[in-house]
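# Summary of structural features
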Amino acid sequence: MMFDTILIANRGEIACRIIRTARRMGIRSIAVFSEADRSAAHVALADAAVAIGPAAARDSYLDGARIIAAAREAGAQAIHPGYGFLSENAAFAEACTAAGLIFIGPPAAAIRAMGSKSAAKSLMERAGVPLVPGYHGTDQAPDRLAAHAASIGYPVLIKASAGGGGKGMRIVTAPADFAAALDLAKGEARAAFGDDQILIEKYLTRPRHIEIQVFADTHGNVVSLFERDCSIQRRHQKIIEEAPAPLISDDQRFTMGEAACAAARAIDYVGAGTVEFIAEGGDFHFMEMNTRLQVEHPVTELITGLDLVEWQFRVAAGEALPLTQNEIERTGHAIEIRLYAEDPLRDFAPSTGTIHHLRLPEPSAHIRIDAGVRQGDAVSIHYDPMIAKLIAWDHDRASAIRHLARALAALEIDGVRTNLPVLRRIIGHPDFAAADLDTGFIARHEPILLAPAAPASPAVIAAAAHRWLHDLPRHAAPSDPHSPWTLKSAWRLNGPAYQDVTFDDGTAQFAIRIHPAAAGQLTIDHAGASTTAAIAVLPDDRLAITIDHLTTTLTALRHTDPAQHDHIVIFADGARHALRIVDPFAGTGTAHAASGLVTTPMPGRVIAVGVAPGDTVAAGDLLVTVEAMKVQFRITAPRGGVVTALSCAVGDLVEDGAELAVIEPAPRPITG
Ligand code: ADP
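Here the structure is a predicted model, which means the values were calculated and not measured. (Residues numbered from 1 in each chain as written. Predicted model: local features only at pLDDT ≥ 70, side-chain atom pairs only at ≥ 80, totals over all residues. Heavy atoms only, no water.)

Looking now at the overall build of the chain. For the chain, the count of helices and strands is 18 helices and 39 strands. Relative to the 2.2 N^0.38 estimate, which gives 26 Å for 672 residues, the radius of gyration of the chain is 28 Å and therefore close to what a compact globule would have. With the C-alpha coordinates of the chain rotated into their principal frame, the extents come out at 85 × 80 × 50 Å. Summarising the internal contacts of the chain: among those between residues at least 6 apart in sequence, 62% fall at separations of at least 24. Carbon and sulfur atoms form 54% of the exposed surface of the chain, whose accessible area is close to 28,300 Å². Charge-centre separation for the chain: the mean point of 59 positive side chains lies 2 Å from the mean point of 77 negative side chains. (Helix = DSSP H or I, 4+ residues; strand = E, 2+ residues; numbered from the N terminus. Rg over C-alpha atoms; globule rule 2.2 N^0.38 Å. Contact = heavy atoms within 4.5 Å. Areas by Shrake-Rupley, 256 points an atom, 1.4 Å probe, with all protein chains shown as cover. Lys, Arg positive; Asp, Glu negative; His and termini not counted. Charge placed at Lys NZ, Arg CZ, Asp CG, Glu CD.)

Put into structure tokens, the structure is as follows:
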């Protein structure tokens, strides 16, 4: 019988996603939340919510016993784990059953069978599913592993057998680097999974990631819901996914679907699962099976018209799959982008902060938005930094790309760094349009994808000028009560008044002189030219700026973060411009670089310190390793010199921008 109450053991976007289907089916939903999430979107959306502990995930969202107790207290009959957290935890699935609750996911035995990438590969080998050449045995002696790597042939990829999320994964291009990479991979694997078994694969240099969505029920039915192409990745993690996979033949599609169903049958699978393949040329090889719903499931939903969470509920309640393989059809093309709080210029390291401003595009027949955050929410170091997903659908791929591009142009976010500029450039890239996809896409196009933003246009400068005038203290010049700038609306004035200001957009400085012209107009002198802009003020910080008969609508905000209050932020057609108001009396701001101060580019935990005060280092030497969201980042010396101060120790939690060390030029030896 269908449940009347379920508990969702997750947070953010996926918790909201599951709650929506539950609501549509008349099922009551119970959210859980950590102290950090008291006012989070998923808590507000659920019918009821239970506090489960402190912010750190291991004390809340990963505390299976606490979650099961919450489910029982709330009268839930089933628990949906979402993805991440406890979704692939066999012990948790068993604990649910032992407590008389239904785990909305596969049987514990199936999770275990696929939980180790090494064991899963052995299993698939026996089931006749093709594998990437490699070593996935139990002999873990470093010299034996090195010997296996040599016989596979470089480059090789070291993977954590218990891995997920790209953690514990290292590419090794030459034998000399193998030992160090093995250490790093094992360290990450231990930190993230408490298990440092690794496997080695041949590293394919231009592969595509293609995966098959499978579904199985308790009545012995197994179907495939077609494939997804997830080749656009950074740090081995997906950021854009689409369905169907472009440029594959129906034969290939069919063969992969059959192999995926065989994999599911081999482990008596039940529920939603994904069989991941890596494809190169005409070949495809099994990589792993994820025994849960995937982040990218919406693209499959949009081409099949099905609700996969509803299917999960039905299967968990003991029903047969709603459709047979022959009844499952697909129409059109869907593409998803994942918006992350991360810094593309720092190897896409997670970024934290408060989302001061968030404007998502309007959902429509062509645009679906799955978000779990709202304006004012914080992105913390505790959880995955994904902010939202945008999914576009249309009858053909080119049209879906067009809708996605427009939606991305309408998206405004401020307060954390995000991958939005990179996503926009990928979606607009001719190679993406031509479906020339492989996992090296981002690295190959890096110069274009990471290039600085175009300089501020005259419309952007005019908007900033307007915003700046608007924010000026009304009585800035009390000594001159007749100054036009003390009046609420400068534009009403006649006469030759002006105001000078300099903006810095990070690439250039704009020293401008602003003259109020007629009502609603500004004339701006910049670099010897004069531009007149008509400005109409719209609701929600929007401005319509007309220059030479061309009207641009944009958003102009004063940064609300006190530390950034000297910035005016403009969103114009998807591009974000942060214009710093240059204070003519402030210093030049280069003292920092010259002082040899080393700061952390991301918040996290210090897990290793490689130097001591007084040590001499060369540029590029490893100073400190910081772990953020289970990924390790190496912070190296920006230049050679002596470590004159060290302000962190192993175990410290460091904030974004915190000082770690100071390196000063080595004193010249006194000779003579
Ligand atoms: P995780 O479970 O940590 O996400 P996966 O095994 O799913 O790791 O691999 C993640 C990504 O890493 C793949 O989508 C692919 O881009 C890349 N990758 C994995 N194996 C290989 C390989 N043998 N050669 C090249 N790239 C690979």
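What follows is about the nonpolar core. One finds Ile6, Ile240, Ile426 and Phe432 to be the most contacted residues of the largest nonpolar core, which totals 78 residues. The biggest single contributor to this core is strand S22 (residues 386–394), with 7 residues. Mapped onto the domain boundaries, this core takes at least three residues apiece from domain 1 (5–104) and domain 3 (208–449). Contact partners of phenylalanine 432, with chain neighbours within four places excluded, come to Ile232, Ile240, Glu242, Ile335, Arg397, Ile401, Ile426, Ile427, Leu437 and Phe441. (Core = buried A, V, L, I, M, F, W, Y, C linked by side-chain atoms within 4.5 Å. Buried < 20%, exposed > 50% of the residue type's maximum accessible area, 1.4 Å probe, protein only. Domains from an automatic or database assignment.)

Next up on the list: the sheet that holds strand S27 (residues 529–537). Spatial strand order, S24-S25-S26-S27-S28-S29-S30-S31: 8 strands in a closed barrel with antiparallel pairing. For this sheet, the mean angle separating the axes of adjacent strands, direction not counted, is 35°. As paired elements, strand S29 (residues 550–558) and strand S30 (residues 567–572) share 4 bridges and run antiparallel to each other. Pairing of alanine 556 across the sheet is with isoleucine 570, part of S30. Sitting on the sheet, helix H17 (residues 458–471) is in contact with strand S24 (499–504), strand S25 (509–516), strand S26 (521–526), S27, strand S28 (542–547), S29, S30 and strand S31 (575–581), with an inclination near 45° to S29. (Pairing = 2+ DSSP bridges. Axes fitted to C-alpha atoms, helices over the stretch in contact; angles between N-to-C directions.)

Moving on, we come to helix H8 (residues 178–193). A rise of 1.5 Å per residue sets the reference length of H8, with its 16 residues, at 22 Å; its end C-alpha atoms lie 21 Å apart and thus fit the reference within 8%. Looking at H8, one finds that the buried residues are Phe178, Ala181, Leu182, Ala185, Lys186, Glu188 and Ala189. The buried residues of H8 all sit within an arc of 165° when viewed along its axis, so they share a single face. Structural note: H8 exposes Ala179 and Asp183 on the side pointing more than 90 degrees away from its buried face. (Expected span 1.5 Å × (residues − 1). Arc of directions from axis to C-beta.)

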